[in-house]
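# Tertiary structure, described
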Amino acid sequence: MKKEENIRLGISIGDLNGIGAEVVLRIFEDNRMLDFCTPIIFASIKTMSFVKNHLKLDINLNGIHNINQALPGRVNVLNCWKENVNINFGQEDLKIGEYAIKSLVQATKALKDDLIDVLITAPINKHNIQSDTFKFPGHTDYLNQELEGNSLMFMVTQGLRVGLLTDHVPVKDIANHITPKLIEEKIATVYQSLVQDFKISKPKIAVLGINPHTGDNGVIGSEDDTVLRPTLQKIKATGKLVFGPYAADSFFGSDNYKNFDAIIASYHDQGLIPFKTLSFGQGVNYTAGLNRVRTSPDHGTAYEIAGKGTADISSFKEAIFTAIQIFNNRKEYEELTKNPLGFSKRKI
């Protein structure tokens, strides 16, 4: 692929007091990355130059005021603000939260307008981004509002993909959120993503139970027997290879997860604790179910090491490559599934 044809990769910069900006710049300090994509960082040239100088990085930045000015083979920084930003690595700051949202909003608009092909989001602090105009618990909920489709948090790495029935829901409310409608919607999203985004023609999906030991026949809760199991049977009757519910405590330790193309956990920690334990920093958070591609690393702002130049860049780099691969897979899927002869669906 010629550089001029490279995927335009938008990056929202996240919390500037965290490790996001450092990780982004250190990744693209390696010029070979520019063979795969044309990066466009949504921040400001002043801000990114400060981070670059603080970390003594050898990287040339191309400041632009319009995305059309982005140059292949360069690390482009779209100026989303003009003023100097007071960066204090490792500190939670409401003002820094405002800049994280400015970056995200402009990057999302560019994604909607097809000015960038994919979006990678650097970590935010879910507390300091809250305001009268932004009341979302994280990236996924905001993107679900702005883009088409129904979002699903899909954690992916080599040989393991974990989706969630519920994500940022308090533990005490989980069972009430899990309804037959939700189960059907989430499984449909995972199934479609496996086919379209990961090129798996007949996916096998495992679903983990809601209660310990999937309720032990009602002794530890009835939801697995009254809600989850009947819904899975209904879905399986349509021809989808969906299995479960499985007891979560032994599912990963027994290596049973290796028999499936994806696992759907009932709630956040049930899925993310084993995923992050097994992925060893190589994991990627992919927002499946939307009409645009967005990925992010599987780590947070890591205030405790921010500004020290020691952050692991592996997960963010994987997020970049995963986004590029999914974008290409979707293009191929569209080509394979479109009507090649242009037949009309009109009844004759």
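Quick note: structure is the one above.
Quick look at the structure, then.

Cut-off values and rules
Residues numbered from 1 in each chain as written. Predicted model: local features only at pLDDT ≥ 70, side-chain atom pairs only at ≥ 80, totals over all residues. Heavy atoms only, no water. Helix = DSSP H or I, 4+ residues; strand = E, 2+ residues; numbered from the N terminus. Contact = heavy atoms within 4.5 Å. Disulfide = S-S within 2.5 Å. Buried < 20%, exposed > 50% of the residue type's maximum accessible area, 1.4 Å probe, protein only. Polar contact = N/O pair within 3.5 Å; in protein donor to acceptor, adjacent residues only side chain to side chain.

Glancing now at the environment of Gly 221. Secondary-structure assignment places Gly 221 in the loop between strand S8 (204–208) and helix H7 (223–236). Expressed as a C-alpha distance, the spacing of Gly 221 and Ala 175, which sit 46 residues apart in the sequence, is 9.7 Å. Contact partners of Gly 221, with chain neighbours within four places excluded, come to Asn 211 and Gly 215.

Quick look at the state of the cysteines now. Tallied over the entire structure, the rule returns zero disulfides. Distance from the sulfur of Cys 37, which forms no disulfide, to the nearest cysteine sulfur (Cys 80) is 18 Å. The exposure class assigned to Cys 37 is buried, which follows from its relative accessible area of 0%. On the basis of relative accessible area, Cys 80 is assigned to the buried category, the value being 11%.

With that out of the way, let us pick up the side chain of Ser 103. With respect to the helices and strands, Ser 103 occurs in helix H3 (residues 94–112). At 2.9 Å, the side chain of Ser 103 forms a polar contact with the backbone nitrogen of Ile 13. In contact with Ser 103, not counting residues within four places along its chain, are Ile 11, Ser 12, Ile 13, Phe 42 and Trp 81.

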